[in-house]
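# Remarks on the overall topology
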Amino acid sequence: MSKLGRFSGLVIVLLLFLAFQPALRVGAQEEYPREKTLVIAFPHPKNPNWDLFNPFIPVWWAYDIGSTQFMYEYLAYGLLSNGTIVPWLATGWEFVDEEYKEFRIYLREGVHWSDGVPFTADDIVFTVKDILLKYGPEVAGGSWALEWIEDAIKEDDYTVLIKWKKPNPRAWMWITTGIISAQWFAPKHIFETVDDITEFKFSDPIGTGPYKLKYKSQELYIWEKDPNWWAREVLGYEQIPDYIVFKYYPSKEAGMMALLNGEIDVLRGLTGPEIEMLKPTFPNLVVWSLEKPYYFPDPCPRTLYVNCQKYPFNNPKVRKAISLFIDKLAVQEAAEPGAGAGAKYAWATYPGLMKYVFDDIVEEYGSYVEYNPEKGHQILESLGWHRDADGVYVTENGTRMEGLVIYGGADPASAIQLQLAENGIMCTVKPTTHDPAFFAAWRAGLWDIIVGWECGSSLDPLDTYMNFHAKHIINWTLYKETGQIEWIAPIGVPTDSHHHNSMRWLNTTFSELVDQLAMVPSDSPEGIEILRQLQIIITQEQPTIPVWQGGSNVVMSNLYWTNWPTKENPYTGPDIHWAYAKFWVVARPGSPYGIKPVEVVTPPTVTYVTVYALTDIEAFEGADGKTYGPFSTGDLMVIPKDDADRLVAEGLASTTPPVPPELEAIASSITEALSKLSGMETSLSDISTRLSSMEESMTGLSESINALSGQIGTMVSTTTALSVVIIILIIVDIALTLRKK
């Protein structure tokens, strides 16, 4: 049987025995009504930072446990699925001057934190001055703030004026999240009591969002609807589920079984083939698109980073050759079959971004993602490299290209490892981990090659290009101690974040052009010319190697909830990972947006009985709407009683099992034995009559008694044989019944 057949069979069995649980029991916790609870499977291994909720600490944190989506909120949201900008904690903004240096933000009145304290301009000003500007590169967003923000001024409780050090025509992007990249503002009344923000876990967090944290552990997070959420009164929104549960599963297979069994509603990480197996057998399946590509484009193209600070990767020609060696589509098929397409550029393939990739530059300078091994070999040979007897490249200074380490997921990293090995570059693979030690090593440059994500632009191309800026790799340790700027931190000294200039690429001309772009709108004539120059530089320098587009590989179930975001209904994006997932679970009454609870319809009671097929019976639709059969003669059938009664009346089935042919001979022998027994009973009656008339002759009596003893002996032997035959018959019947089951 094929893998698909075995999987389909398992699914059918699971669906057949699916039980609609009235409540969800989570470990030793209280029960939660299943029909009022949205359950999401963990998309990653157990979170080592499970009690870390401080978004200013620049390590991997609680993106995947619900805080970003359901507790924290932003001043505005950018919905990538439809391009809409939604003002939220702010009602609007404007530039006060024509130089883009003064930016006024109008906050929404009536907003309050989940502990009841109002959200005001004090929180904005405190975050800017006492966190971002005070701590600088030690906190997420601090380096950017030091470069850009001159001051934050409270004009009244709901109006803030931000003064920029230089023109900032994209100031609105600082407060608008497309993924999770916008600035979050802290509750002043909590954070002002903390001695060191960088040591503060915020383990008992609060937010302005629709849900509050009820329970947390490394395997489980439970969010409970906040009945006092400000948007209920101010905007007329309501939360849809009463509870949201993020639950850890030890494997993708366990998550799939939980989805099929109705234990969870949302699961990330399924491949295209796995979706194809589910489609015909799981009618409740929902994905962004039921046709390939199944997934909504992920904002972060999967990217191969080589350490540009290490030899020989510090040579752009070497980086270009490595890119040419990699078959991007083949890696995608190994990593995420059916997810999307090969990468087109350094950012996601949203139409609003791809208009800034210029075809004439591609024709003249080549593609940023070209696959051409022969061209790659020509480049390396032009550098004086050669392949030794083992086929391994030796560089111009005698360095053998072996022993390199690729960090990444097993499938893509292994595919890249094989392709590089075929082209003379030998690597080993180590799995990427999500612990602080790994990210600390990444920031410190203690690595060779990493398969990661280039999370930059979602609304405007500046973000991606800004990620490549040299400012992210200056020696901040030296700067803090002496005020001196060293443009690239030595290996071993951490940079400001593993998300920015992860590859430690230094190109001051590129950085100067990015600075110029930051001061004009991207779609202005000046912006277009700068963008063209930037495309030429990265095509020639190859600072990163985009490999495949990737997709938001989220599948959902219509078992308890429906109206999920899809290609046909793109009211928001489909990835539970990002901040815009909040709009899955909140909506105004009567709105077409947001998930909807499935109406529970009590099915009619169906009684099932067991009957036996007396002849071959073709497949039929039962009284419960399910298909039964076909059945062969003698098969045991568990079917609705109405169908059983019909088949019995038609003479096609029986409530008792039919007698198999092999038992007919035994039955005949039993009949013959019973006949003999009846004859012996007649003989015994005759003997009894004789006994009453034989009183006169003792000799005759003795002879009769002897004859009677012989007959009795025969009777006992026959009765014993009959008992044995009956026992054998019973055993055979049981064996045949078990064999048919």
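One can find the structure itself at the top, above this paragraph.
These lines cover the structure that appears in this document, whether it is placed above or below. (Residues numbered from 1 in each chain as written. Predicted model: local features only at pLDDT ≥ 70, side-chain atom pairs only at ≥ 80, totals over all residues. Heavy atoms only, no water.)

Here we take up the pattern of salt bridges. Considering all chains together, one arrives at 27 salt bridges under this definition. As a salt-bridge pair, D242 and K225 come within 2.9 Å of each other at their nearest N and O atoms. Separated by 17 residues along the polypeptide, D242 in the loop between β13 (238–239) and β14 (243–247) and K225 in strand β12 (residues 220–225) bring together distant segments of the chain. In the salt-bridge network here, residues are joined through shared partners; they are D388, D390, R400 and E402. (Salt bridge = Lys/Arg side-chain N within 4 Å of Asp/Glu carboxyl O. Helix = DSSP H or I, 4+ residues; strand = E, 2+ residues; numbered from the N terminus.)

Here we take up unusual backbone geometry. In the segment running from Y311 into P312, the intervening peptide bond is cis, with an omega of 0°. Checked against the element boundaries, P312 lands in the loop between β18 (302–306) and α10 (316–325). Of the consecutive residues G629 and P630, the connecting peptide bond is found in the cis state with omega at 5°. Despite not being glycine, F202 has its phi angle at roughly 60°, a positive value. One can find F202 in the loop between α6 (188–191) and β11 (211–216). The backbone of Q542 sits at a positive phi, close to 45°, despite the residue not being glycine. Along the chain, Q542 turns up in the loop between α20 (525–541) and β24 (545–548).

With that settled, consider the sheet that holds strand β9 (residues 159–164). If you walk across this open sheet you meet the four strands as β6-β7-β9-β8, and the pairing is antiparallel. Looking at strand neighbours, the two that pair on one side only are β6 (90–95) and β8 (149–156), the edges of this open sheet. On average, adjacent strands in this sheet sit at an angle of 20° to one another, irrespective of strand direction. Both β6 and strand β7 (residues 102–107) contribute to a ladder of five bridges, which runs antiparallel. The partner of G92 across the bridge, within β7, is Y106. (Pairing = 2+ DSSP bridges. Axes fitted to C-alpha atoms, helices over the stretch in contact; angles between N-to-C directions.)

A separate point is helix α11 (residues 328–335). Those residues of α11 lying buried are K328, V331, Q332 and A335. In a view along the axis of α11, the buried residues occupy a sector of 100°, so they form one face of it. (Buried < 20%, exposed > 50% of the residue type's maximum accessible area, 1.4 Å probe, protein only. Arc of directions from axis to C-beta.)

Under the counting rule described, the total for this entry stands at 48 aromatic pairs. Ring centres of F439 and W442 lie 6.3 Å apart, and the angle between their planes is 15°; on these two criteria the pair is classed as stacked. With F439 and W442 both in helix α16 (residues 436–443), this residue pair falls three residues apart, about one helical turn. Note on accessibility: F439 and W442 belong to one class, buried. Counting every residue linked through ring pairs, the aromatic cluster contains F56, Y72, W113, F119, W184, F191, F200 and F202. (Phe/Tyr/Trp six-rings, centres within 6.5 Å; stacked < 30°, edge-to-face > 60°.)

What follows is about the environment of Q378. Position of Q378 relative to the elements: it lies in helix α14 (residues 373–382). Between the alpha carbons of Q378 and A321 there is a distance of 8.5 Å; along the sequence they are 57 residues apart.

As a further point, take α20. Given a rise of 1.5 Å per residue, 17 residues ought to cover 24 Å, and the 25 Å separating the end C-alpha atoms of α20 matches this to within 8%. Residues G527, I530, L531, L534, Q535, I537, I538 and T539 constitute the buried set of α20. Residues of α20 that are buried sit in contact with α10, α13 (359–365), α17 (462–467) and α19 (508–517). Looking one or two residues beyond α20, the residue adopting positive phi is Q542, at roughly 45°. (Expected span 1.5 Å × (residues − 1). Contact = heavy atoms within 4.5 Å.)

Before going further, it helps to spend a moment on the state of the cysteines. Under the counting rule described, the total for this entry stands at one disulfide. The disulfide partner of C300 is C455, and the gap between their sulfur atoms is 1.9 Å. Judged by the sign of its S-S torsion, about 115°, the cystine formed by C300 and C455 is right-handed. Of this pair, C300 sits in the loop between β17 (296–297) and β18 while C455 sits in the loop between β23 (449–453) and α17; the two residues are 155 residues apart in sequence, bridging distant segments of the chain. (Disulfide = S-S within 2.5 Å.)

Once that is clear, we can look at the packing of α19 against α20. Where α19 contacts α20, the two axes come as close as 10 Å, and the packing angle between them is 155°. It follows from the interaxial angle that α19 and α20 lie roughly antiparallel. Pair α19 / α20 crosses with left-handed handedness. Of the residues in α20, those in contact with T509, F510, L513, V514, Q516 and L517 of α19 are G527, I530, L531, Q533, L534, I537 and I538. A breakdown of the residues in the contact of α19 with α20 according to their chemical character gives nine nonpolar, four polar and no charged. (Parallel < 35°, antiparallel > 145°, perpendicular 65-115°, else oblique. Left-handed = near helix turned anticlockwise from the far one by under 90°. Nonpolar A, V, L, I, M, F, W, Y, C, P; charged D, E, K, R; others polar.)

Further remarks concern the sheet that holds strand β34 (residues 653–654). Within the open sheet, the three strands sit side by side as β33-β30-β34. Their pairing is antiparallel. Unpaired on one side and paired on the other, β33 (636–640) and β34 mark the two borders of the sheet. Of the strands in this sheet, β30 (608–613), β33 and β34 touch helix α22 (residues 641–649), which is tilted by about 120° from β33.

A separate point is the nonpolar core. Ranked by size, the top nonpolar core spans 124 residues in total, and within it L75, W88, W174, Y465 and W584 carry the most contacts. Among the elements that line this core, the one with the most residues is helix α3 (residues 121–135), at eight residues. Setting aside residues no more than four positions away along its own chain, W174 makes contact with I105, V128, L132, W144, I149, I162, W164, A182, Q183 and F185. A321, L420, C427 and W548 belong to the second largest nonpolar core, which has 29 residues in total. (Core = buried A, V, L, I, M, F, W, Y, C linked by side-chain atoms within 4.5 Å.)

For the rest of this paragraph, the subject is the pairing of β14. Counting buried positions over the five residues of β14 gives four, a clear majority of the element. By the bridge criterion, five bridges tie strand β3 (residues 37–41) to β14 in an arrangement that is parallel. The partner of A41 across the bridge, within β14, is K247. For β12 and β14, the ladder comprises five bridges, and the chain directions are antiparallel.

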